[in-house]
Each structure stands twice: as C-alpha cells, then as structure tokens.
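What follows is each chain in one-letter form.
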Amino acid sequence: VTSPLEVAGEAVALAEGDGAEAIVSSERSGLARFAGSEVHQPTLIEDLVVQLRVRRGGRAGVAIGNRTDREGLRELVRRAEAASAAVAPDPELPSLATPRPVPDAAGYDEQTAQLPADELARAAAPAIAGAGVFDAYGFVTSGATETAIASSVGMAVSQSRTDMTVLVLAAGDDASGYADATARAARELDPEAVGHEAAAKAARTRGAGDLEPGRYAAVLEPYAVAELVQTFAGMTFGALELLEERSFLSGRLGERLFDRKLSIADDALDPAGLPRAFDYEGSPKTRVALVDEGVARGVVWDRRTAMRAGAGHETTGHAPPPAASAWGPQATALVVAPGEAESTEELAELVGDGIYVTRVHYLGIVDPREGILTGTTRDGTFRIRGGAIAEPHVNLRFTISMPELLAEIPGLTRRRKLVNQSDFYGSRDAVAALVPALATASFTITGSGARPGL
Amino acid sequence: VRDLCSLAVEAALAAGARYADARVVEIREQGVATKNGRVETAADSETAGIGVRVLVDGAWGFAADRRLGRDGVLAAAARACDFARAAPGGHKRELLPVEPARGRYTTPSERDPLSVPLDEKVELCLRAEAALRHPDVKIAVASVRARRERRVLVSSDGTEVEQELVECGGGVDALAVGNGISQLRSYPSAHGGSSAQAGWEYVQSLGLEREAPRVAEQAAALLRADPCPPALTTLVLDAEQTQLQVHESVGHPTELDRVYGTEAAYAGTSWVGPGDLGSLRYGSELMTVTADPTTPGGVGSFGFDDEGVPAARQPVIEGGVLTGFLSSRETAARLGALRGGSMRAEDWSRMPLVRMTNLHLEPGTGSFAKLLDGIDEGVYMETNRSWSIDDKRLSFQFGTQIAWEIRDGKLGRMLRDPTYAGVTPVFWGSLDGVAGPEEWRMYGLTNCGKGQPGQVAHVSHGASPTRFRNVQIGVSP
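Residues numbered from 1 in each chain as written. Chains lettered and ligands numbered in written order. Predicted model: local features only at pLDDT ≥ 70, side-chain atom pairs only at ≥ 80, totals over all residues. Heavy atoms only, no water.

Draft legend 1. View of unusual backbone geometry. Of note, the amide linkage connecting Y187(B) to P188(B) takes the cis form, showing an omega dihedral of -5°. Counting through the fold element by element, P188(B) comes out in the loop between β7 (181-187) and β8 (194-196). The omega torsion across Q452(B) and P453(B) is 5°, close enough to zero to call that bond cis. If you trace the backbone, P453(B) turns up in the loop between β22 (441-450) and β23 (455-463). For E293(A), which is not glycine, the phi dihedral falls at a positive 50°. Within the secondary structure, E293(A) sits in the loop between β9 (288-292) and β10 (295-296). A positive phi angle is found at R393(B), which is not glycine, with a value near 65°. With respect to the element layout, R393(B) can be found in the loop between β17 (377-389) and β18 (395-407). Given the relative accessible area of 2%, R393(B) is considered buried. (Helix = DSSP H or I, 4+ residues; strand = E, 2+ residues; numbered from the N terminus. Buried < 20%, exposed > 50% of the residue type's maximum accessible area, 1.4 Å probe, protein only.)

As structure tokens, this is what we get:
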C-alpha cells in the first residue's frame, strides 16, 4: 500500500460496522527559518496521517494515526470502533457523503513538490540578501501535500497540492519592515523581491513617534487586511457560528451591513489562490458569496450544519477534518473583490488624514458576536497627512469593531495579493487570502506600544 | 527505539555532523467533548516518529520522519545534514557543554487516564454538561482529555534518556445568549479547561459537575449585567487571569531566544535585553517568579528537557528584579550564564525551542478578602476571555469573562465585558498585593503557540489573586 488513496481504501476495508470513511493526508515539507540573516531553525517533515471515522448504529468514533502497515491500520480500526461504541446514537450525524464529481483544481506543481532539502536551504539566501543593510528574519517554506478520502459508500477522491511562502522581516535596532509572498509554485515567487520590499519599508520606520489615541481613517496593506478579515471570518462566516447565534451575521443575513464597495467570497477554486477541489467529507468545493456589495449574503456549510438547519440548506464544501469538527465549517479561501485605486498611495490620497498600517500582530477577540478585535500594528506604521504617507509611528494598539471598519470604505486597490494565512501548526494545510489594500474611515487606536525594530 | 536513535546519531556523525541528537516521540491522546446533550467528539489519536537534529560546520539541520525503521531514520539523518551544509549564514553555533544525562522519568499517577474507558469519560462529560442547563444557556460544553507521551533522546554527547509523561484535564463552558448579546463562562479555566500531569484522579478532583450550576448561573446573569465602564482604578485579578498575565508578560519575554531575536518574524522579540540580567527592575518587590519543571502536576514538568538537561527549579524574577531567563544550551552559551534546561519540542516533527516549563508567581500573604481590604473603589476580574500583547511584550490588553465592582473592600454589582490594558513594567510595578499560599492555584494550559512552523506547548502556571493600582480598565472601540 503506497498512495494515500490506497491507504484510505485499506483502512475503510478493514473497518466493520455500518460504514467508515478515511481521510489520509500526506506531507513532505520544508521550512528554512532565518534570524539575523542566518538560517537557524530548519524543519523538514515526512508524514502521513490517517483519520478514520467508523459508524455503528448511529454512533461515530474517530481514530487518528500515522502507522500505515497492516497492523497499524488494524489498531486504528480497533480504536475507532471502540470510540464509536462509547457514545450514544447521534440524531445529528449525517449519513456518509455519496460520491459527487469534484471540480478540477490546479493546485499542484511538480517542481515545487520535488524541491530537495539543500535547494530549500539555498532558497533562503536571496530572501536574506534582499534585506540589504538590514538583518533578515523570516522563512522560506515549501510543501507538497496530498489529501485522499475513501468511504464505504464509494467515495474515492484525492488531490495533490503544493505551496510556497517567502516571509521577510527586515530589521535593525530601531527599524523594521515586513513583506511576504505566497504561491502554489516556487517559480512564481521572487524571494529577493520580498526581502527588498521589507527593507524599503524598514528604512522609512526610523524615528517613530507616538500617536494620540482616537479614531482615525486608515490605509491597510494587504497583509493587515488579510489577517483582520480572516480573523473576522473565523467568528462570523461559518454556519455553526450562525446557528449558535455567535456570529455578527446572526439574524442579519440579507441586510446591508457593510460598504457597497465590499464583496467577500470564499473561493477555493480561484486559480489565483491555493486551489482545492473538495472538503474533508469529499464534497466538492463551491464558491460562496459571503458579502455582496455590502450585503451579508451567506455563510459556509458542511453536511452536519446543513442537516441541522434544514430548510433546503446544503453543504457548500466546507467540512473541517474530523479532528477539528468542533469548530464547524470555516471559510479559509477568502477572496476580497478589488477596487479601483491603482496603489496604496492613491488610497492615502482618498483618506487625506489618517494612518497607514502594514501589518497587524497578535489579534485578540474581544467580543466575537460584535466582531470586536484588539491587536497592535507592526513593522511599518505611518501617519497619512495631506493625502500622502508621512512620518513613522511606533506600534499602535487598536481596538476595533470589524463591522465599523468595513462600513465605510473610501477605496480598495485594483491589484490584489495572495497573503499566507498559515502558521503551519500541526499537519500542513496551507491557506491564503486573496485581498487588495483597503482604506477605511474608522480604525480606533487605543494606545502606543513598542518602537519598530528589534 | 533507543537503537533507532543511536543509528540516526551515528549516521549523522558519519555524514559530517559535529553534534547530533535523535528523538523518538510517541503520543497517544484521547479527547471527549459533549455539547448540548450529544457527543461532539470521541477521538483517539496515536502518532509517532523520529526527529534528527544536527550541527554541521556550526549550522543546524533538522529532519523528521514518521517511518520508525532503518529507512526512515537514515533518510532523516541524511536530509538534516544535507540541509545544514547548504544553509546560508556565517554559522558559529556552540552548545553549552553538559554532563551526559542518563535516566528515566515517569509522571507519578494513580490511575492511568488512558485506561479509563471512553464511555466513562463520555458519562462524566454528559453529567457535567447536564448540570450547565439553564434557560439562558444556549450552548453547554464539557470536555475531558487524556494523553501519554513517550520520549527517547540519544545524543552524540552521550545522553540517553527515556521519559513517559502522563497528562489529563477537562473543563466546562456555558454560553448564554439573550438581549442581543452573548456571554461565556468557563471552569476551571478558559480555552479548554485545565490540565495536569497526573492520573485520572486530577480530572475527578476538578468537580466539573459540582461547579457547573454556578458557571451557568453566572453566564445567564451576565446577560443582564452592566458593561464594565472605563476608569483608571484599582484592579484585582483572580489566580486564573493572573497566571495568564504571567504567561504573556513574564514568560514569553524572558525566553532567551526571543531576547536574541530569533522569534522576531513571528511572535516577536522582547523588551528585555541580555544585559538586563541581575539588574532590571521588572516589577514591584512583591513579584517573584520561578521556572520549575519539577512541579508535581505541572504540564511543563519533565525529568530532562529535549536537550537532555536535567530538570531544575530556576528563579526568573526575585523581589521584582530579573535574575534569570528561560534558556537552551545554545542561548546559555551565548549569554555566558545559566544552564539551559527549557528546550521543548511539541512532538517528533518539530525542532526543540526555548519554551516555558512551569512558571509560577510565588504567593504572598493573606486571604483574598484581605486583598480587597482598603479598596474604596476598584474592579475584580475573573477568568480570561481575550488576550493580546505586542511583539516586545510591552503593550497588552486582556479581557475577562466576568467582573465585579469593589466598593469599600467588598464585591458589589456584576459587570460584563471587562477589559484592562497596560505596559508590562508599569503594570507589574503597580503590583501591591499578592494573596497567600492558601489562595495559590495552578492551571495547565495546552495552547501556547510559538515557532515557525508552529508548535504548541503545554505549560503550567501557579498564582494567587493579585492587586494592581492605577490600571486602565474598560477599553472599547
């Protein structure tokens, strides 16, 4: 047994009971982490994990393991069956997904998948060199993953994906700037250019000053937009949050809640992202309009939440892996529609007076239902005066209402950027958001933090 | 397993490594969660593999492979060396010399949590969760977990250690929804409950079913409570929020790898410099913080860290002055002080990092009531809800699940959505009360993230309730 789909089929065949489904995820990845312009923390991983869900009389139990020899799979089956025997029948347990055609999703690049360890290490060199006079901190990472799903009702799908990210913080004692870039193929990235972008930003952050707390208009670079919108999505755009009345959209679907310029979708099939063909139930991925010209249109569903909601709801192809089922379906391929501004400088002109934010740090969810977040800016915060980017500021603490931030948007850029949203915890599952830079009329600063730099 | 580790080390040395270590880690974990009367999760996980770390010409390499056989082990050693040889940089990394460690360590426990049948775990959760039922509580959740880690470490320095760490925990959460808002209450701790390195007796001692009605009542009452108003006032924190404050504003900034900048691109650096050791005033004289991987029950306890350094209690802050860092063999050698002993990897697939072990705020004196004595006006906050701190661990903002006004030394009306903000040395400098040993509680967190690729560490913190003066509370957009 060699391929993930074969392993999945073997695990299902060994299981007894009313049905079984196996999700097999393989990973071959490498991450060259650097600090002070030296690689200091490399991680090369070869793994393959089987998640097996066995059903028996309306009960389901899950076992997870990474032994794939016959004895290892038998042990996995035994533990999954023991788990299913320990629980009561679950009336909300959907039947096994029947196989459906899955779309083509060109998410794989052979050259990236075959990148050897020494070449990955060398790929860090241009990223570091790009930081120029500054020391470079960050990483270059690439990964090849395959997800295969088999079930006792004939599901048999698999998809190989690749991803690569270059991330550079160019920093000195009193200056720091940030940039990253993500693609499905290594050849689409220019590590040196990422270093250059970070260094150019860093050079403008020296002599940073404080800023009086208060409400400011702001221009947010794609890095900041991606993290803010992704965090907001995690507490807002999932069906479970909606059904449990934890979402800002609870009771508000169909209402115009945001600026007309704002449209957000979840679209794992967008070729400009990291394409994915199916979810962890094997259901085909679909594009879901979450916000359409300011109107809250929908959330993402899996089969469990759709069954619970009834009333004609169906899965949108957003089931989480069994080990993360408690989180419910999540929007992890966010696409924010572009605007008409040609650059962030043009957005600054629209704002006139405000602040410019490169990146945000350590977001905390203050009130999930109201979409209130706190965090700090980092590695490139500037004042906007007279429609131009002006003097640098220290890192600023903000406490913001995301619905307010998105309620008045003077503009967005025409050009969008694919921004990595993976911290690569656990098994590799690369996700990224495709977003423009965005200007907002409302960004509330509540304090000052540390200066830029180390 | 020990032979496989030795094989990896020998292969790495033969491939040119000056130093090599190999770690086989097997982790078995069970998790059960019930939600509104039905089983949400019943999962049983077991994963294993080997991680090989090498130093070649002063550069690190690390490769991990799930295949616990000759092929997988040799492949990991070769890939680690290939990477290290190609890694850009000047590379003059040195490790603090240590005595080769040999030995075995096993968590003391009475009842193996993994031997407790899953149906018993499900029953416990369902009973606890049933006790959360309340007309205003829309989501009731109870969860328990059990875990066993087996770690074998062999290094080219002659270290050969084996450890078996046993851990379990649990908690309950009640989410009340009404009046257009939602309010969460948790016990014994937020974000998944609390865990300990101990047998199942720890989970039984939590009294989840006993505490659940209070948790539900408070969640419901919060729907009708007034919002916490903004003020500059005296703040009293319960032990649970105090330990998170210690974690974020003392633990992370005293990790010596952060101090040296190696976390700069992700978690950040530190407001503390290496030259501050022994002189920096971190907080008031009432502040004494100790790192102690020997604490019974701590989820950061071990016999040896992942570099084979034997566990030992080390001061970090004494009487408000910085007297220690959390360190590794590499960072201690660079500093020219300390002994390492805080290197931990999440599992076989991750390289060890400087991590907290068990980091405690040592108790002061007196009862909780004594802490409130003399406060004309203030606020008492309990149980973490949100947390955020800047990249140098200076500017922070925390929210808790619940608060009460303090008037004339007594708790008054309940307040919802409490937050407070501050700057680390100013905040700890305003500490003017730490309750005594009788109020000291230890919590085990299982969600401490760090590193790229990300790693989750389990760490424990003990603390008593604390009192701070002139704190900004009630921060809102």
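From this point, things continue past the structure.
Draft legend 2. Representation of the interface of chain A and chain B in the model. Between chain A and chain B, the contact holds 85 residues from the first and 81 residues from the second. Buried area between chain A and chain B, summed over both chains or domains, comes out near 6,700 Å², and the portion from carbon and sulfur atoms is 52%. Considering only the side of chain A, the residues that lose the most area to chain B are L44(A), Y362(A) and Y425(A), jointly responsible for 10% of the buried surface there. At the junction of chain A with chain B, the criterion picks out nine salt bridges. R33(A) is the salt-bridge partner of E263(B), the closest N and O atoms lying 2.8 Å from each other. On the surface where chain A and chain B come into contact, there are 45 residue pairs in polar contact (both at pLDDT 80 or more). Counting residues per element, the side of chain A that touches chain B draws most heavily on strand β2 (residues 38-56) of chain A, at eleven residues. Split into classes, the residues belonging to the side of chain A that touches chain B amount to 38 nonpolar, 24 polar and 23 charged. Here β2(A) runs beside strand β3 (residues 59-65) of chain B; their pairing, made up of three bridges, is parallel. (Contact = heavy atoms within 4.5 Å. Buried area = accessible area lost by both parts, 1.4 Å probe. Salt bridge = Lys/Arg side-chain N within 4 Å of Asp/Glu carboxyl O. Polar contact = N/O pair within 3.5 Å; in protein donor to acceptor, adjacent residues only side chain to side chain. Nonpolar A, V, L, I, M, F, W, Y, C, P; charged D, E, K, R; others polar. Pairing = 2+ DSSP bridges.)

Draft legend 3. A look at the environment of E255(B). Residue and element names in this part refer to chain B. Locating E255 in the fold gives a position in the loop between α6 (239-251) and α7 (256-259). For the pair E255 and K138, spaced 117 residues apart in the sequence, the C-alpha separation amounts to 41 Å. Apart from the residues within four sequence positions on either side, E255 is in contact with L326, V354, R355, M356 and K450. Only 3.0 Å separates the side chain of E255 from the side chain of H252, close enough to count as a polar contact.

Draft legend 4. Representation of the pattern of salt bridges in the model. Residue and element names in this part refer to chain B. Under the definition given, this model contains 75 salt bridges over all chains. Across the pair R210 and E211 runs a salt bridge, and its minimum N-O distance is 3.2 Å. Classification of R210 as exposed rests on a relative accessible area of 56%. Under the relative-accessibility criterion, E211 is labelled buried at 17%. Put simply, R413 and E405 hold a salt bridge, and the shortest N to O gap is 2.9 Å. By relative accessible area, E405 is classed as buried at 13%. One continuous salt-bridge network, built from bridges that share partners, spans E29, R145, R147, E149, R151, E167 and D306.

Draft legend 5. Representation of the side chain of T381(A). Residue and element names in this part refer to chain A. One can find T381 in strand β13 (residues 372-385). Overall, the relative accessible area of 1% leaves T381 in the buried class. Of the polar contacts made by the side chain of T381, one reaches the side chain of T377; its length is 2.8 Å. Not counting the four nearest positions on each side in its chain, T381 is found in contact with Y356, E391, P392, H393, V394 and L396.

Draft legend 6. Just the sheet that holds strand β11 (residues 289-291) of chain B, in detail. Residue and element names in this part refer to chain B. Taken in spatial order, the four strands line up as β13-β12-β11-β16 in an open sheet, and their pairing is antiparallel. Two strands in the sheet have a free side with no partner beyond their single neighbour: β13 (321-322) and β16 (359-361). The sheet contact formed by strand β12 (residues 314-318) and β13 spans two bridges and is antiparallel. Bridge pairing in β13 places E318 opposite V321. The strands touched by α6 within the sheet are β11, β12 and β16, with β16 carrying the most contacts at an inclination of about 120°. (Axes fitted to C-alpha atoms, helices over the stretch in contact; angles between N-to-C directions.)

Draft legend 7. Representation of the packing of aromatic side chains in the model. Residues and elements named next belong to chain B. Under the counting rule described, the total for this entry stands at 19 aromatic pairs over all chains. A connected cluster of aromatic rings, assembled from ring pairs, spans F396, F398, Y420, F427, W428 and F468. Sitting over the ring of W200, K121 keeps its end group 5.5 Å from the ring centre. The ring of Y260 has R334 sitting right over it, with the charged end atom 3.9 Å from the ring centre. (Phe/Tyr/Trp six-rings, centres within 6.5 Å; stacked < 30°, edge-to-face > 60°. Lys NZ or Arg CZ within 6 Å of the ring centre and 35° of its normal.)

Draft legend 8. Structural view of the nonpolar core. Of all hydrophobic cores here, the largest spans 122 residues; its most connected members are L220(A), L228(A), F443(A) and V54(B). The element that contributes the greatest number of residues to this core is helix α6 (residues 222-236) of chain A, accounting for nine residues. Contacts of L220(A), omitting those with residues within four sequence positions, involve V225(A), L228(A), V357(A), L405(A), A437(A), L438(A) and F443(A). Counting 48 residues, the second-largest nonpolar core is a separate cluster that includes L256(B), M343(B), V379(B) and F427(B). (Core = buried A, V, L, I, M, F, W, Y, C linked by side-chain atoms within 4.5 Å.)

Draft legend 9. How the structure looks around the packing of helix α1 (residues 2-14) of chain B against helix α2 (residues 70-86) of chain B. All names here are of chain B. Between α1 and α2, whose axes approach to 9 Å, the crossing angle comes to 35°. In this structure, α1 meets α2 at a crossing whose hand is right-handed. Contacts from L4, L7, A8, A11 and A12 in α1 reach R70, V73, L74, A77 and C81 in α2. Looking at side-chain class alone, the contact of α1 with α2 contains nine nonpolar, no polar and one charged residues. (Left-handed = near helix turned anticlockwise from the far one by under 90°.)

Draft legend 10. Layout of the environment of V133(A). All names here are of chain A. Its place among the elements puts V133 in the loop between α4 (117-130) and β4 (135-151). Among the residues examined, V133 registers a relative accessible area of 79% and is labelled exposed. Distance in space between the C-alpha atoms of V133 and R428 is 33 Å, their sequence separation being 295 residues.

Draft legend 11. Representation of the pairing of strand β1 (residues 19-35) of chain B. All names here are of chain B. Of all 17 residues that make up β1, 14 are buried, and the element is covered over most of its length. Relative to strand β2 (residues 38-56), β1 runs antiparallel, the two being bridged by 17 bridges. Paired with K35 across the two strands is R38, which belongs to β2. Joining the antiparallel neighbours β1 and β2 is a turn of two residues, in which N36 adopts a positive phi near 50°. Relative to strand β5 (residues 137-155), β1 runs antiparallel, the two sharing 15 bridges. By the bridge assignment for β5, R28 is matched with R148.

Draft legend 12. Highlighting the packing of α4(A) against α2(B). At their nearest, the axes of α4(A) and α2(B) sit 8 Å apart, and the two run at 30° to each other. The pairing of α4(A) with α2(B) is recorded here as roughly parallel in orientation. As for the relative orientation of α4(A) and α2(B), their crossing is right-handed in sense. Where α4(A) approaches α2(B), its residues A117(A), D118(A), L120(A), A121(A) and R122(A) are matched on the opposing element by R79(B), D82(B), F83(B) and A86(B). Of the residues belonging to the contact of α4(A) with α2(B), the class tally is five nonpolar, no polar and four charged. (Parallel < 35°, antiparallel > 145°, perpendicular 65-115°, else oblique.)

Draft legend 13. Quick look at helix α5 (residues 191-203) of chain A. Residues and elements named next belong to chain A. With 13 residues, α5 should cover 18 Å at 1.5 Å per step; its first-to-last C-alpha distance of 19 Å lies within 8% of that length. Residues of α5 that are buried include every one of P191, V194, G195, A198, A199, K201 and A202, and no others. Angular distribution of buried residues about the axis of α5 spans 160°; they occupy a single face of the element. Packing partners of the buried residues in α5 comprise α4, β5 (156-171), β6 (176-183), β12 (354-367) and β13. (Expected span 1.5 Å × (residues − 1). Arc of directions from axis to C-beta.)

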